[in-house]
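# Examination of the molecular architecture
The chain contents come next:
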Protein chains: 2
Amino acid sequence: MNNSTPARFFHTFGGGEEGTWLVERIHHLCGDGLPLVKRVSIFTSPEVDGSKGWSWTLRGVTSNERYVTRSEKNALGERPAPLGRREATRAALVPIRKSPAWWTMPQDERRAVMEDQSRHISTGLKYLPAIARRLYHCRDLGESEPFDFLTWFEYASTDEWAFDELLAFLRASEEWRYVDREVDLRLALDGSHS
Amino acid sequence: MNNSTPARFFHTFGGGEEGTWLVERIHHLCGDGLPLVKRVSIFTSPEVDGSKGWSWTLRGVTSNERYVTRSEKNALGERPAPLGRREATRAALVPIRKSPAWWTMPQDERRAVMEDQSRHISTGLKYLPAIARRLYHCRDLGESEPFDFLTWFEYASTDEWAFDELLAFLRASEEWRYVDREVDLRLALDGSHS
């Protein structure tokens, strides 16, 4: 287990004509969509070079865990799934916004919906280490950020079915009744197609 | 009770020669202090006019609740303590940073330290509505923010003893073992002295 301070680092995703990730498809699930783009670039900063003519940019910051308990943290720690693995040539960027009804709930009620009713954490665990995941927070970076979270997933092309299964489970859950904007971008690492 | 979406708004505190709040004293409790200043200004934005020569600026954003349960939220809602009350001519700005040991704890352990062991929420409740409070988050606004939280309190001059009592209780708590930087600025509204 990693006992260092949870690192906070900013990543910005730029959608446009450039980037190492090729967009295979964009699925607009609910709320406003995002303009279609050919490629996605990832920058390790909260700002990007504006001269590149991005169609959109989305920024987020990693943070400490908000819901996970000790036993869950230990279970997650036993199945490490690092990003950047050579075989993980497919990725998904799924920006999500939750409704006012979610954010006005106190902590215990949000936790109850997320795990007791929706099995979000325990289900995600089943897909480790195949589906690597990183959560970026954006809700508190500005007074009107377009999304609350950017979720990023990486997996081998042969595991995309598993990722689809995981998403289908979550989208049918009680927790997803509080999602009011969601876009699903599927990406392939440039050069990874045979 | 207020069921609207928790507002996120940015406030920046500027310490220097200008501002409606006069600094009565600054107490450096642990970690690096802050330069002494005469006055504090409050801006409703994440940036301030740099030409004013602030000795320091501290920014934070309001957010959703991270620990409060439904029953606690209801109890807090029954004792509303708005900011800006005419009689509340005294204020305290207490910037706080918590240690890596705090931030690596999962949610259930942080909650257990904060309330089960330290009675942070239930003790604060006892001082409502005399001591109005607002919490600003700053930890995730940058990769190296100087503090994790800015806590702001307002009260009548006749209630400063109660505020001191509350702070003494918290500073003796288990939770405060995880505080590694804390500064306590006591302020008086300009013109409020007889």
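In this text the structure is predicted, and so the values were computed from the model without any measurement. Chains are numbered independently. Their residues run from 1 in the order of the written sequence. Whichever chain is written first becomes A and whichever ligand is written first becomes 1, with later ones labelled in order. Totals for whole chains, interfaces and linings use every residue, but because this is a predicted model, local features are given only for residues with pLDDT of at least 70 and side-chain atom pairs only at 80 or more, for both listing and counting. Derived side-chain values reflect all non-hydrogen atoms in the structure, with water molecules and hydrogen atoms excluded from consideration.

### Section: the relation of the copies chain A and chain B
The two chain copies are related to each other by a rotation about an axis together with a translation along it. Note on the copies: chain A fits chain B at an RMSD of 0.0 Å, the axial shift is 0.0 Å, and the rotation between them is 180°. The relationship between the two copies is best expressed as a two-fold rotation axis. Within chain A, the C-alpha atom positioned nearest to the axis of rotation is that of Leu141 of chain A, 3.1 Å from it. The contact criterion used throughout is that any non-hydrogen atoms of two residues lie within 4.5 Å. A shared binding surface is used by both copies, with 97% of the interface residues of chain A retained as interface residues in chain B. Copies are brought into register by a least-squares superposition over C-alpha atoms of residues with pLDDT of at least 70 in both.

### A word on the environment of Ser41 of chain B
All names here are of chain B. Each helix corresponds to a stretch of at least 4 residues labelled H or I by DSSP, and each strand to a stretch of at least 2 residues labelled E; elements are numbered beginning at the N terminus. Looking at the secondary structure, you find Ser41 in strand β3 (residues 39–43). Only protein chains enter the accessibility calculation, which uses a 1.4 Å probe. A residue is then buried if its area is under 20% of the maximum for its type, exposed if over 50%, and partly exposed in between. Taking relative accessible area as the criterion, Ser41 reaches 10% and is therefore assigned buried. The spatial distance from the C-alpha of Ser41 to the C-alpha of Ala7 is 21 Å, given a sequence separation of 34 residues. With residues up to four places along the chain from it excluded, the contact list for Ser41 reads Thr12, Phe13, Gly14, Glu18, Gly19 and Trp54. Polar contacts here mean pairs of N or O atoms no more than 3.5 Å apart (in protein, one a potential hydrogen donor and the other a potential acceptor; neighbouring residues in sequence count only if both atoms are side-chain atoms). At a separation of 3.1 Å, a polar atom in the side chain of Ser41 contacts the main-chain carbonyl oxygen of Glu18.

### Details of the interface of chain A and chain B
With 32 residues of chain A at the interface, the matching set in chain B holds 31 residues. Summed over both partners, the accessible area lost on bringing two parts together, with a 1.4 Å probe, is the buried area. With both sides pooled, the region where chain A packs onto chain B buries about 3000 Å², and carbon together with sulfur makes up 44% of that total. Throughout this description, the term salt bridge denotes a Lys or Arg side-chain nitrogen within 4 Å of a carboxyl oxygen of Asp or Glu. Remark: the boundary between chain A and chain B carries 4 salt bridges. With a shortest N-O distance of 2.9 Å, Arg66 of chain A and Asp140 of chain B are connected by a salt bridge. Those elements that place two or more of their residues in the side of chain A that touches chain B are α1 (70–77), α2 (100–103) and α3 (107–117) of chain A. Element by element, the count of residues in the side of chain A that touches chain B is highest for α3 of chain A, at 4 residues. Among the residues forming the side of chain A that touches chain B, the class breakdown is 11 nonpolar, 10 polar and 11 charged. Any residue outside Ala, Val, Leu, Ile, Met, Phe, Trp, Tyr, Cys, Pro, Asp, Glu, Lys and Arg is labelled polar, Gly included; the first ten of those are nonpolar and the last four are charged.

### Some remarks on the side chain of Glu182 of chain B
All names here are of chain B. Mapped onto the elements, Glu182 comes out in strand β8 (residues 179–189). Side chain to side chain, Glu182 and Arg171 meet in a polar contact 2.9 Å long. Within polar-contact distance, the side chain of Glu182 engages the side chain of Trp176 at 2.9 Å.

### Description of the pattern of salt bridges
Scanning all chains against the criterion turns up 34 salt bridges over all chains. Residue Glu160 of chain A is joined to Arg25 of chain A by a salt bridge in which the shortest nitrogen-to-oxygen separation is 3.4 Å. Of this pair, Glu160 of chain A sits in helix α5 (residues 160–171) while Arg25 of chain A is found in strand β2 (residues 21–30), placing the two residues 135 residues apart along the sequence. Residue Glu160 of chain A is classed as buried on the basis of its relative accessible area of 16%. Residue Arg25 of chain A is classed as partly exposed on the basis of its relative accessible area of 42%. Between Arg186 of chain B and Glu160 of chain B there is a salt bridge, with the nearest N and O atoms lying 2.7 Å from each other. Here Arg186 of chain B is found in strand β8, whereas its partner Glu160 of chain B is found in helix α5 (residues 160–171), with 26 residues between them in sequence.

### Here's the deal with the packing of aromatic side chains
Whether two aromatic rings pair depends on their centres lying within 6.5 Å, for rings of Phe, Tyr and Trp, where Trp uses its six-membered ring; planes under 30 degrees apart make the pair stacked, over 60 edge-to-face, and the rest tilted. For the coordinates displayed, the defined rule picks out 18 aromatic pairs over all chains. Where Phe13 of chain B meets Tyr136 of chain B, the ring centres are 5.5 Å apart and the plane angle is 80°; that geometry is what we call edge-to-face. In this pair, Phe13 of chain B is assigned in strand β1 (residues 10–16) and Tyr136 of chain B in strand β6 (residues 132–137), connecting sequence segments 123 residues apart. For the pair formed by Phe13 of chain B and Tyr136 of chain B, the shared burial category is buried. With a centroid separation of 4.7 Å and 50° between ring planes, the pair formed by Phe153 of chain B and Phe163 of chain B is classed as tilted. With a gap of 10 residues between them, Phe153 of chain B in strand β7 (residues 149–155) and Phe163 of chain B in helix α5 connect regions that are remote in the sequence. The exposure class assigned to Phe153 of chain B is buried, which follows from its relative accessible area of 8%. Members of the aromatic cluster, joined through ring pairs, are Phe13, Trp21, Tyr136 and Trp152 of chain A. Over the ring of Trp102 of chain A we find Lys98 of chain A; its NZ or CZ atom is 3.8 Å from the centre of that ring. By the criterion adopted, a ring carries a charge over it if an Arg CZ or a Lys NZ lies within 6 Å of its centre and within 35 degrees of its normal.

### Considerations on the pairing of strand β7 (residues 149–155) of chain A
Taking burial as the measure, the 7 residues of β7 of chain A include 7 buried ones, the bulk of the element. Residues Phe149, Thr151, Phe153 and Tyr155 of chain A point to one face of β7 of chain A and Leu150, Trp152 and Glu154 of chain A to the other, with burial holding for every one of them.

### A closer look at unusual backbone geometry
All names here are of chain A. Between Leu128 and Pro129 the backbone carries a cis peptide bond, its omega angle lying at 0°. In this structure, Pro129 sits in the loop between α4 (120–126) and β6 (132–137). Positive phi values are uncommon outside glycine, yet Arg119 reaches one of about 55°. In this structure Arg119 comes out as partly exposed when scored by relative accessible area, which is 43%.

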